[in-house]
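# Descriptive structure summary
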Amino acid sequence: MKLYDYILSPSCYKIRLMAAILGIKLDIRPVDFHPGAEHREPELLALNPAGSIPILEDGDLVLTESSAILAYLAAGNAPEWLGTGTPEETARVQQWLSFSHRLTANLGGARLHEMLLRPGNIEILQAQGISALRELEASLFEQQLRGMRFLASNRATIADIACFPYVALAPDGGISLDPYPTIRLWLRAIRSIDGFIEMPGIHRLHELKPDPHPAKEER
Amino acid sequence: MPSDTAGSWTPVALSADLPAATVMPAWTSAGSIALWRSQSGRASASSDRCPHRGMRLSHGFVRGEALSCIYHGWSYSPAGGCVRIPAHPDLVPPETIRVAVQTVEELDGVIWVAAGQPAAQPPRLGDLIPLRSLTAEAGIEEIEAVAGAKANADGLISVADYPWVRLLPTPQGDRTLVHVLIEQSRGIEDRVAASRIAEALRRRVEARQKEAA
Amino acid sequence: MMKAGAMIDEWYPVGLFSRLTETGNKTALMGEPIEVARAQDGSARVTSGNGRKLPVRVRYGHVWSSLGNPVKELFAIPEADQPGRRFVDVGVVRVRCSPLRAVENFLDIAHFPFVHTDILGAEPHTEVENYKVEIREDEDEVWATQVKFYQPQAAKSATGGITTEYMYRVPAPTCSVLYKTCPPRPGEWDVITLFVQPLAEDLCDVWPWMALFDDETPMTDLIHFQQMIFLQDRSILENQIPALLPLDPGMEIPTRADLTSVAYRRWLKRHNYTYGAQLVAQ
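Residues numbered from 1 in each chain as written. Chains lettered and ligands numbered in written order. Predicted model: local features only at pLDDT ≥ 70, side-chain atom pairs only at ≥ 80, totals over all residues.

## Focus: the overall build of chain B
Going by this rule: Each helix is a run of H or I in the DSSP string that is no shorter than four residues. Each strand is a run of E no shorter than two, and both are numbered from the N terminus. In this setup the radius of gyration rests on C-alpha atoms only. A globule is expected at 2.2 Å times the number of residues raised to 0.38. Exposure classes come from backbone-placed C-beta atoms, where a residue is buried if 20 or more other C-beta atoms lie within 10 Å of its own, exposed if 12 or fewer do, and partly exposed in between. For the purpose of contact definition, each residue receives a C-beta atom placed from its backbone, and two residues are in contact when these atoms lie within 7 Å.
Regarding its fold elements, chain B presents two helices and 16 strands. Against the 2.2 N^0.38 benchmark of 17 Å for 213 residues, chain B shows a C-alpha radius of gyration of 19 Å, consistent with a compact globule. By residue count, 50% of the 213 residues in chain B fall in the buried class. Contacts in chain B between residues at least 24 apart in sequence constitute 50% of all its contacts with a sequence separation of at least 6.

## Re the domain arrangement of chain A
Many analyses report the size of an interface as the accessible area lost when the parts associate. Residues and elements named next belong to chain A. Operational definition: Each domain span listed reflects an automatic or database assignment of domains. Charged means Asp, Glu, Lys or Arg here, nonpolar means Ala, Val, Leu, Ile, Met, Phe, Trp, Tyr, Cys or Pro, and polar covers whatever is left, Gly included.
Domains assigned within chain A are domain 1 (2-80) and domain 2 (82-191). Each of domain 1 and domain 2 has a C-alpha centre, and the two are 20 Å apart. Taken together, the contact between domain 1 and domain 2 spans 15 residues of the former and 13 residues of the latter. At the level of elements, helix H1 (10-22) and helix H3 (66-77) are the ones that each hand at least two residues to the side of domain 1 that touches domain 2. Looking at the side of domain 1 that touches domain 2 residue by residue, the classes come out as nine nonpolar, four polar and two charged.

## A closer look at the nonpolar core
Here is the rule: Throughout this description, the term nonpolar core refers to a group of buried Ala, Val, Leu, Ile, Met, Phe, Trp, Tyr and Cys residues whose C-beta atoms join them within 7 Å.
Within the largest apolar cluster, 177 residues are counted, with the highest numbers of intra-cluster contacts made by A:Leu70, A:Ile158, A:Val167, B:Leu35, B:Ile111, C:Ala102 and C:Val206. Ranked by the residues each element gives to this core, the list is headed by helix H6 (residues 158-168) of chain A, at nine residues. Filtering out sequence-adjacent residues up to four positions away, A:Leu70 remains in contact with A:Lys14, A:Ile15, A:Met18, A:Ile158, A:Ile161 and A:Ala162. Counting 24 residues, the second largest nonpolar core, distinct from the first, contains B:Ala138, B:Ile143, B:Leu181 and B:Ile182.

## Considering the sheet that holds strand E4 (residues 44-48) of chain C
All names here are of chain C. Rules: Strand pairing is assigned whenever DSSP identifies at least 2 bridges connecting the two strands. Between N-to-C directions, angles cover 0 to 180 degrees, with each direction set by a line fitted to C-alpha atoms, over the stretch in contact for helices.
One open sheet holds the three strands; their spatial order is E2-E3-E4, and the pairing between them is antiparallel. A single partner strand is all that each edge strand has here, and the edge strands are strand E2 (25-29) and E4. Pairwise comparison of adjacent strand axes, ignoring direction, gives a mean angle of 30 degrees for this sheet. Of the pairings in the sheet, the one linking strand E3 (residues 32-38) to E4 comprises five bridges and is antiparallel in character.

## A few points about the interface of chain B and chain A
Contact residues are listed per partner, giving 28 residues for chain B and 23 residues for chain A. Put simply, the parts of the chain that give the side of chain B that touches chain A at least two residues each are strand E3 (22-28), strand E6 (61-63), strand E9 (82-84), strand E13 (128-136) and helix H2 (188-212) of chain B. Top element by residues in the side of chain B that touches chain A is H2(B). It accounts for five residues. A per-class count over the side of chain B that touches chain A returns 13 nonpolar, eight polar and seven charged.

## With respect to the interface of chain C and chain B
Chain C puts 17 residues into the contact, and the matching count from chain B is 18 residues. Among the residues forming the side of chain C that touches chain B, the class breakdown is nine nonpolar, five polar and three charged.

## Things to note about the sheet that holds strand E3 (residues 55-58) of chain A
Residue and element names in this part refer to chain A. Read from one edge to the other, the open sheet built from four strands follows the order E2-E1-E3-E4, with strand pairing classed as mixed. A single partner strand is all that each edge strand has here, and the edge strands are strand E2 (27-30) and strand E4 (61-64). Ignoring which end each strand starts from, the neighbouring axes of this sheet average 20 degrees apart. Two strands pair when backbone bridges link them, and strand E1 (residues 2-5) and E2 are joined in this way by four bridges, in the parallel orientation.

## Observations regarding the confidence of the model for chain B
Filter applied, for reference: What pLDDT expresses is the predictor's confidence in each residue, scored from 0 to 100.
Residues of chain B with pLDDT of at least 70 account for 99%, and the chain-wide mean is 95. In the predicted assembly, ipTM is 0.95 and pTM is 0.95.

## Examining H3(A)
Residues and elements named next belong to chain A. Note the cut-off: What a helix should span is 1.5 Å times the count of its residues minus one.
Here H3 is twelve residues long and its end C-alpha atoms lie 16 Å apart, about the 16 Å a rise of 1.5 Å per residue gives. Ser 66, Ser 67, Ile 69, Leu 70, Ala 71, Leu 73 and Ala 74 are the residues of H3 that are buried. Where H3 is buried, its residues contact H1, E3, E4, helix H4 (87-116) and H6.

## Observations concerning the packing of H3(A) against H6(A)
Residues and elements named next belong to chain A. We apply this condition: Should the near helix be turned counterclockwise from the far one by less than a right angle, the crossing is left-handed, whereas a clockwise turn marks it as right-handed.
Here H3 crosses H6 at 140 degrees, and the two axes come no closer than 10 Å. Here the hand of the crossing between H3 and H6 comes out right-handed. Residues Ser 66, Ser 67, Leu 70, Ala 71 and Ala 74 of H3 lie in contact with H6, whose contacting residues are Ile 158, Ile 161 and Ala 162. A class-by-class count of the residues in the contact of H3 with H6 yields six nonpolar, two polar and no charged.

## Focus: the domain arrangement of chain B
All names here are of chain B. Per the domain assignment, the segments making up chain B are domain 1 (3-116) and domain 2 (128-212). Between the C-alpha centres of domain 1 and domain 2 the distance comes to 28 Å. With eight residues of domain 1 at the contact, the number on the domain 2 side is seven residues. Sorting elements by how many residues they give to the side of domain 1 that touches domain 2 places strand E2 (residues 7-14) first, with four residues. Tallied by class, the residues present in the side of domain 1 that touches domain 2 amount to five nonpolar, two polar and one charged.

## Topic: the pairing of E13(B)
Residue and element names in this part refer to chain B. The buried fraction of E13 amounts to seven of the nine residues, a majority that puts the element mostly inside the structure. As paired elements, E13 and strand E16 (residues 175-183) share eight bridges and run antiparallel to each other. Looking at E16, one finds that Thr 135 is bridged to Leu 177.

## A short note on the pairing of strand E6 (residues 62-65) of chain C
All names here are of chain C. Burial along E6 is two-sided: His 62 and Trp 64 and Val 63 and Ser 65, pointing in opposite directions, are all buried. Summarising the sheet, strand E1 (residues 12-16) and E6 pair through four bridges and their orientation is antiparallel. Each bridged residue has a counterpart across the sheet, and for Leu 16 the counterpart in E6 is His 62. Where strand E5 (residues 56-59) meets E6, four bridges bridge the pair, whose relative direction is antiparallel. Looking at the pairing, Val 56 lines up with Ser 65 of E6.

## A word on the packing of H1(A) against H3(A)
All names here are of chain A. Definition in use: Relative orientations are named as follows: roughly parallel for angles under 35 degrees, roughly antiparallel for angles over 145 degrees, roughly perpendicular for angles from 65 to 115 degrees, and oblique for any other angle.
At a closest axis distance of 9 Å, the pairing of H1 and H3 adopts a crossing angle of 10 degrees. The orientation of H1 with respect to H3, classified from their angle, is roughly parallel. Here Ser 11, Lys 14, Ile 15, Met 18, Ala 19 and Leu 22 of H1 come into contact with H3, specifically with Ser 66, Ile 69, Leu 70, Leu 73 and Asn 77. Tallied by class, the residues present in the contact of H1 with H3 amount to seven nonpolar, three polar and one charged.

## Topic: the environment of C:Phe230
Residue and element names in this part refer to chain C. Within the fold, Phe 230 resides in helix H3 (residues 219-237). Of the residues examined, Phe 230 has 22 C-beta atoms within 10 Å and is grouped as buried. Considered as a pair, Phe 230 and Val 206 are 24 residues apart in the sequence and their alpha carbons are 9.2 Å apart. Those residues in contact with Phe 230, other than ones at most four positions away along the chain, are Val 93, Val 206 and Pro 208.

Take a look at the structure:
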C-alpha cells in the first residue's frame, strides 16, 4: 500500500497514525506540498484531480479523502475500529467523520494561514474553529456521562482518529486548547493508545516512559 | 470569589479533570499556573513558567512526584524546587532555581488555589457536585443577568427555572471560567440537561456581550 | 520603528529566489510592508511600501534585503561553493515568536531528547558535555565548537545512532549556521542554516536552508526531515514567556549547557541588536 504523504499534513497523518496502530506497513511516497506545490503538478493531478493529499494506492485501487482511507484500513484489518456495528454507533462514526471535514476547513485553514502563509480570513476561521471545539467538548462530556471515553463508543474508532490531528494542532492556527478540559483528556487517551505515533507539532508523552534517573530528594 | 483581607480562593478546575500524573494550565489572580497532580495524587499549583528559558510548564509532563518542563526536561517538586536538570545529570540544582507555588485545597471535587493567605477555607458545596467547566467570553455581570440572579456569598449563581443547577464563576480577565454544579442526587439525563442548559446560557451571554460591544 | 536600532542596517531573507513571481509577494520587515518580485530580466526586486527600492542580494537560494544601508556584505558560507553539494530550500514557516528566540532555539542542543525525541536525541542520553564558545572578534561572529551529542537518527542519510559533532555560528543577529557530522563523508560538514525574517518583534518567517553532501536521499525527503525538526520546535517557540528575548540576566537561568545562548545574548546586547529583545531597564 502506497501513501502519497506530506509530513506536515494532519490529514495524511491520520492515515500514518491508523496504519501504525494497526501494524500496517505503508510505502510512503513524500509529496513536496510546501514549498513545491507538487500536489498540483500533472503527475499527482492525474491520480487525484482534486489536487489533494493523502492518496492511497493499493494495487489497482486509488483512494482519496482521508475518511475513506481510514475506513478502508479498518474494514480490511481491524473492523472493530469502525464501531461495533449497531446502527447508533455506525451513525455516530459517520457523524464525527463529517465533523472532521469541518475541522479540516476551520482548524486546518487557520493553521495553514498562520503557519504556511496560505490565504484565508483568519478571524472567521478561528471563530469557526472555536465553535467546533466547543461542540466537541460538549459531546465528549456527554459521552463521558454515558460511560464512553471516545466519540462513538467506549473504544476508539476511526472517528477519533479522523478528529484527533486537527484538534491537537489547533494552537498552530492560533486557537488555544486551554478552555477544553474534556478534549484534553480525550487527546491524552488517544496519545496513550498502543502503537501511537506523533507528527511534528504533537509532542511525545514522556510521562509514559519511566524516569531513567529518578530524582534523589524533594526540595 | 471567596476572599478575606488576607487572601482569596480561586476555583481553578474540577478534580475529575486532573487525573494523576497530568498537568493543565489554569489561572489565578496571581497569574497563570501549571496545575498538576503527582503520581501519588497530590495536587500542586506551580507558576506557569520555567525559569530556564521561560517555557510554559503547563505544556510539560509529570513523572512520579515531579513536574518536568517539555523544553529541556528540568523537573520541579511540589514545593517548587528544581530537582533535576537532565543536561547535567550529576548536578544537584542550586536552591535558587525554583518556581513559585501556591496553596491548593481540593474539596468536594473542586480544586481551589489560594492567592495570599486566606484566613478561611474555601466554601463547601453541600449537596452540590461539580459537573463540568466551560469558559464564556463575557464578564460575570452578563452571566448574572442572563441567569437571573447575582452570585451569593459563596460565589454561586442560581439559574432561573432550574433550581437544581448552580454556576460557580471565576473571572479571568475578559472572560469567565464557569463550573457547572448540580444536586448530587440527579441522574444521567439531568446531568446531560444541565450541560446543555449551561451551553444555552453561554450562547445567550455571549450574544448579549457582542451586542453591548 | 524606533526599536530597530542597529538591526536596521542588516540583511534579512525575504523570499525564495526559485519561487519569485512577476506579480510579486507582499511581506514585511520589522513592521514595514515590503514587496518582493521578479523583474522582467529575471532578477529579484524588493520595494518598500512607499515604492522605495531596497537593496537586494540573491544568495543561498534566498532573496535578501534591508530597510537600511548595510555596511557589510551578506556573510559568507564557503562550504556552499564546494562542488558536489546539494542545496535544499526547505520553505518558509511563520512563527509567533521573537526572531531572536527562533535563533536561540536553533543554537540549543539540550532540548533534543525532549523535543526531537528519538531523532536528534533520546533519554537517557541527555547529558550535554562541555564545549567551546567564543566571540570571534575579526569576523564579529559567535562560534561554538566541539559540541557533541548522541543521536538515534541524526540525519536522513544516517543509518543508525551516532555521536554527532556540531559547530554553531551566528554571523548576523537573526541568522545561524550549523555544521554537523556528515555521515556519507566523514571529515566534511553538512551545513544547515536558519535564516529568520523579522516581521514584528514577536512574529517572524523562518527560512531554513541546507548545503549537504548526500547523493542518495530524494530532495522531498530532505525537505520533509528539516520541516519536521523545525515544526517540533515551533510549539515551544510560541509558548515562551516573555515573548521578547531577555538580554539582561535575572529573568532566565542558564547552565553550562547554554554557553552558546549566553554568548549570543551578550553579543546582541553589545551590538544594540534589540529588535525582538527586552532589557531590564524597559
